[in-house]
Number of protein chains: 2
Amino acid sequence: MTDSDVRLIDMTLRDGMHAVDHQFTPEQMADVASALDEANMDVVEVSHGDGMGGSSINYGFAAADTEAYLDAVVPELTDTRLSVLLLPGIGTVEELDLAVEKGADMCRIATHVTEADVSAEHFEFVEERGLEANGLLMLSHMASPETVLEQAKLMEDYGAEAVYVMDSAGAMLPQDVRERVGLLSEELSIDVGFHAHNNLGLGIGNTLAGIEAGATTVDGCLRGLGAGSGNAQMEVLVGVLEKAGYDVSPDFFGVMDAAEDVLLPMLTEDTMPELDNDSLVLGYAGVYSSFLRHTRRVGEQFDLDPREILVELGEMGVVGGQEDMITDVAARMAEDEAATADSEADD
Amino acid sequence: MTDSDVRLIDMTLRDGMHAVDHQFTPEQMADVASALDEANMDVVEVSHGDGMGGSSINYGFAAADTEAYLDAVVPELTDTRLSVLLLPGIGTVEELDLAVEKGADMCRIATHVTEADVSAEHFEFVEERGLEANGLLMLSHMASPETVLEQAKLMEDYGAEAVYVMDSAGAMLPQDVRERVGLLSEELSIDVGFHAHNNLGLGIGNTLAGIEAGATTVDGCLRGLGAGSGNAQMEVLVGVLEKAGYDVSPDFFGVMDAAEDVLLPMLTEDTMPELDNDSLVLGYAGVYSSFLRHTRRVGEQFDLDPREILVELGEMGVVGGQEDMITDVAARMAEDEAATADSEADD
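Residues numbered from 1 in each chain as written. Chains lettered and ligands numbered in written order. Predicted model: local features only at pLDDT ≥ 70, side-chain atom pairs only at ≥ 80, totals over all residues. Heavy atoms only, no water.

Looking up chain A in an unreviewed UniProt entry gives the name 4-hydroxy-2-oxohexanoate aldolase, with the organism given as Natrarchaeobaculum aegyptiacum. Recorded under Sequence similarities (unreviewed entry), the UniProt text for chain A is reproduced unchanged: "Belongs to the 4-hydroxy-2-oxovalerate aldolase family." (UniProt positions renumbered as here; feature names shortened; annotations may be inferred.)

A.B. asks: Help me out: how do you make sense of the interface of chain A and chain B in this one?
C.D. replies: Many analyses report the size of an interface as the accessible area lost when the parts associate. Listed as interface residues are 39 residues of chain A and, on the opposing side, 39 residues of chain B. If you sort the residues of chain A by the area they bury against chain B, A:Lys243, A:Phe253 and A:Tyr284 come out on top, with a joint share of 20%. On the surface where chain A and chain B come into contact, there are 4 salt bridges. Notably, a salt bridge pairs A:Arg307 with B:Asp257, separated by 3.0 Å at the nearest N-O pair. Our count for the chain A to chain B interface comes out at 16 residue pairs in polar contact (both at pLDDT 80 or more). Counting only elements with at least two residues in the side of chain A that touches chain B, the list comes to helix H7 (174–187), helix H8 (203–212), helix H9 (234–243), helix H10 (252–263), helix H11 (277–285) and helix H13 (306–316) of chain A. It is H9(A) that contributes the most residues to the side of chain A that touches chain B, 6 residues altogether. For the side of chain A that touches chain B, the per-class residue count stands at 19 nonpolar, 6 polar and 14 charged. (Contact = heavy atoms within 4.5 Å. Buried area = accessible area lost by both parts, 1.4 Å probe. Salt bridge = Lys/Arg side-chain N within 4 Å of Asp/Glu carboxyl O. Polar contact = N/O pair within 3.5 Å; in protein donor to acceptor, adjacent residues only side chain to side chain. Helix = DSSP H or I, 4+ residues; strand = E, 2+ residues; numbered from the N terminus. Nonpolar A, V, L, I, M, F, W, Y, C, P; charged D, E, K, R; others polar.)

A.B. asks: Looking at this structure, I do not really get the sheet that holds strand E7 (residues 191–195) of chain A. What am I missing?
C.D. replies: Through backbone hydrogen bonds, the strands of a sheet pair up, either in parallel or in antiparallel fashion. Residue and element names in this part refer to chain A. Taken together, the 8 strands give a closed barrel; going around it, the order is E1-E2-E3-E4-E5-E6-E7-E8, and neighbouring strands pair in parallel fashion. Adjacent strand axes in the sheet meet at a mean angle of 25° when their direction is disregarded. As paired strands, strand E1 (residues 7–10) and strand E2 (residues 43–45) are joined by 2 bridges and run parallel to one another. Each bridged residue has a counterpart across the sheet, and for Ile9 the counterpart in E2 is Val43. Taken strand by strand, H9 contacts E1 and strand E8 (217–220), and its axis lies near 170° from that of E1. (Pairing = 2+ DSSP bridges. Axes fitted to C-alpha atoms, helices over the stretch in contact; angles between N-to-C directions.)

A.B. asks: Whenever I open this one, helix H4 (residues 93–102) of chain B confuses me. Can you help?
C.D. replies: Each full turn of the α-helix corresponds to 3.6 residues, which orients residues three or four apart in the same direction. All names here are of chain B. Every buried residue belonging to H4 is among Glu95, Leu96, Leu98, Ala99 and Lys102, and all of these are buried. The arc that holds the buried residues of H4, viewed along the axis, is 160°, so those residues lie on one side. In this structure, H4 carries Glu94 and Glu101 as exposed residues pointing more than 90 degrees from its buried face. For H4, the elements touching its buried residues are helix H3 (66–73), strand E3 (81–86), strand E4 (106–112) and helix H5 (120–128). Looking at the residues trailing H4, positive phi occurs at Gly103, about 115°. (Buried < 20%, exposed > 50% of the residue type's maximum accessible area, 1.4 Å probe, protein only. Arc of directions from axis to C-beta.)

A.B. asks: Can you walk me through the packing of H9(A) against H10(A) in this structure?
C.D. replies: A packed helix pair is summarised by two numbers, namely the angle formed by the two axes and the spacing between the axes. Residues and elements named next belong to chain A. Two numbers describe how H9 lies on H10: the axes approach to 8 Å, and their chain directions differ by 165°. When the axes of H9 and H10 are compared, the pair comes out roughly antiparallel. As H9 runs across H10, the sense of the crossing is left-handed. Where H9 abuts H10, its residues Met234, Glu235, Val238, Gly239 and Glu242 lie against Phe252, Val255, Met256 and Ala259. Of the residues that constitute the contact of H9 with H10, the class distribution is 6 nonpolar, 1 polar and 2 charged. (Parallel < 35°, antiparallel > 145°, perpendicular 65-115°, else oblique. Left-handed = near helix turned anticlockwise from the far one by under 90°.)

A.B. asks: Which parts of the structure should I look at to understand the pairing of strand E5 (residues 132–138) of chain A?
C.D. replies: Regular strands place their side chains on alternate faces of the sheet. Residues and elements named next belong to chain A. The element E5 is largely enclosed, with a buried count of 7 among its 7 residues. Judged by which residues are buried, E5 turns out to be covered on both faces: Glu132, Asn134, Leu136 and Met138 on one side and Ala133, Gly135 and Leu137 on the other are all buried. In this structure, strand E4 (residues 106–112) lies alongside E5, joined through 7 bridges in parallel fashion. Among the inter-strand pairings, His112 is bridged to a residue of E5, identified as Met138.

A.B. asks: What's the story with the relation of the copies chain A and chain B in this structure? I'm lost.
C.D. replies: Two copies of a chain can be linked by a rotation about an axis combined with a shift along that same axis. Expressed as a screw transformation, the operator carrying chain A onto chain B has a rotation angle of 180° and an axial translation of 0.0 Å, and the superposed copies differ by an RMSD of 0.0 Å. Accordingly, the operation relating the two chain copies is best matched by a two-fold axis. Closest to the rotation axis within chain A is the C-alpha of A:Gly205, separated from it by 2.4 Å. Looking at the interface residues of chain A, 100% of them are also at the interface in chain B, so both copies use one shared face. (Least-squares fit on C-alpha atoms with pLDDT ≥ 70 in both.)

A.B. asks: Would you explain the domain arrangement of chain A in this entry?
C.D. replies: All names here are of chain A. For chain A, the assigned domains are domain 1 (7–266) and domain 2 (287–346). Here domain 1 and domain 2 have C-alpha centroids that lie 33 Å from each other. Taken together, the contacts link 6 residues of domain 1 with 5 residues of domain 2. Contact between domain 1 and domain 2 buries roughly 400 Å² in total, counting both sides, with carbon and sulfur atoms accounting for 73%. For the domain 1 face of the interface with domain 2, the top three residues by lost area are Leu139, Met142 and Ala169, together amounting to 64%. For the pair domain 1 and domain 2, the number of links is 0 salt bridges. For the pair domain 1 and domain 2, the interface holds 0 residue pairs in polar contact (both at pLDDT 80 or more). Taken together, the residues that form the side of domain 1 that touches domain 2 break down as 4 nonpolar, 2 polar and no charged. (Domains from an automatic or database assignment.)

A.B. asks: Can you walk me through the state of the cysteines in this structure?
C.D. replies: Linking two cysteines covalently through their sulfur atoms gives a disulfide. Using the criterion set out here, one finds 0 disulfides over all chains in the structure. Not part of a disulfide, A:Cys221 finds its nearest cysteine sulfur in A:Cys107, a span of 18 Å. (Disulfide = S-S within 2.5 Å.)

A.B. asks: Would you mind going over the packing of H11(A) against helix H9 (residues 234–243) of chain B with me for this structure?
C.D. replies: Taken N-terminus to C-terminus, the directions of H11(A) and H9(B) make an angle of 5°; their axes are 10 Å apart at the nearest point. Here H11(A) is positioned roughly parallel relative to H9(B), judged by the angle of their axes. On H9(B), the residues that touch A:Asn277, A:Leu280, A:Gly283 and A:Tyr284 of H11(A) are B:Glu235, B:Val236, B:Gly239, B:Glu242 and B:Lys243. For the contact of H11(A) with H9(B), the per-class residue count stands at 3 nonpolar, 3 polar and 3 charged.

Structure (structure tokens):
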């Protein structure tokens, strides 16, 4: 890792891609990467929002392919390391080989928090190719600290040099972060990371809580770009960590300049992250943003507040791919409401 | 106070006035107050951003006078209590009498963190008139926890029913909040409050830290409106507190509706709170926003990064009214830089 207390991974060119519908051009990526390198950022991550191979009908086509993005970014990096993201089932070994050939230094392998076992081969591939391998446990709020630890240990066994607690839905409170990151820090012999989203306004607060609990590598995006209401705002995070007395590699004013002089002119009002009611209720319920549109439609159908349905889905712990359950849940809620109204009318 | 664990004070119509240059109309105030009352908000605060009497050349003229605002808001409130803000030196006893006549339930009296002694008479006036009196210690980050306690004890002696730690510049880290609120909670026999700004992205995180440390009354604004990068975002705060298991009076979805259906249409891109580089560096340096414009001008004059000057001013603990020091400080910094450059050239 680095000599500093905390390693910072800037994902503006990866998780930030979600906010711009994966439409950054290779030239834009080069400009952002260059500014981050100049500011001494530890790592930049470059991929489609859903990782290499994500550019598709399912996940949305990116403005360019992995090769074009890496060709644009690599010449801009001097000391800053280059990470790529790989989701088993989306990214393939061909893309990994391409990233190696182009000069990636590390690969982060992400699975659902209870499915680390699907990543064993991927870690093997990454290590065989000499890259630093990190494991990311997505939607970690859906599992108990003990389950997160068990899954993290699998990734440690597979060869991960760091495992991340990912608050993918922005659903954690500082206490949730402390419990999970704290347990992993005690029990693992590798580095522990934390990745925040801002749906509950806790992007910075949770990242600080994670670091206090032992995380030594954390994620952020310039201007807080990212899926939902965005990630931890990187330039703010650097300032907060400096103010809190942590030794970090990036230069505070340099990262601020990258955010406002370089990235900001590439954004529009629509692509700026915003903590609005939609992202808030997703974080509160702890469900993925893909549920929002379906739930609105179903809410109208059953004359229910879609927020009530989302909260119910969150309590049931539904995950992506289970969108067909929304109608069932709404139908049951509407029945319950009708029954309650009947029994009240009887009184 | 209330039966709930934490009392919530919505300041959209007071601190939020800063964000709209004090231009909310009485009709707009009535609409926001009505939505907040319907959502069971504990308290709404209505005043010029700088308190009653703030409408002036110095602080900016409001769209209407205190009487018109109170006449518009009072009929909308059923269970929600009405607070007004009074800054000694700005607000007068005439305005206080007007607020009493119009039906205010409480008055919050705000002084600089080391100047509580100027508020003794004001507390007396408020109590004589039968209102709940609260004391606010502004810019509490500039004083040690022990000094904040000493000043809070003065306000307690004067008759305050609650004293607030105000992070007026958004400069505190969670640890700073815990130290100050924690000490006051231990040592005072009255309620302790906390008021956040979001300059370091910690509006929600710090408020939660304050409540964990013993605060039982906290402030926020719908959509995070407010001076600088805004206050704690009220609808987010309600959701976070519910999720964390606190019993609060306001209805989460109702406050969300007030934020997005009622307030949001009144805002423009320019009046929406934003965590940009300007507000970030003010929070990092811990200085008031009035320094920003002067510092930019002086920075150009001496060929210095204005951010460096702001950080230096923050370390010196300068406060409003000391803007003339900016040129002196910049001149000294420019001399130091020149001397360093000379000595390096000599080597």
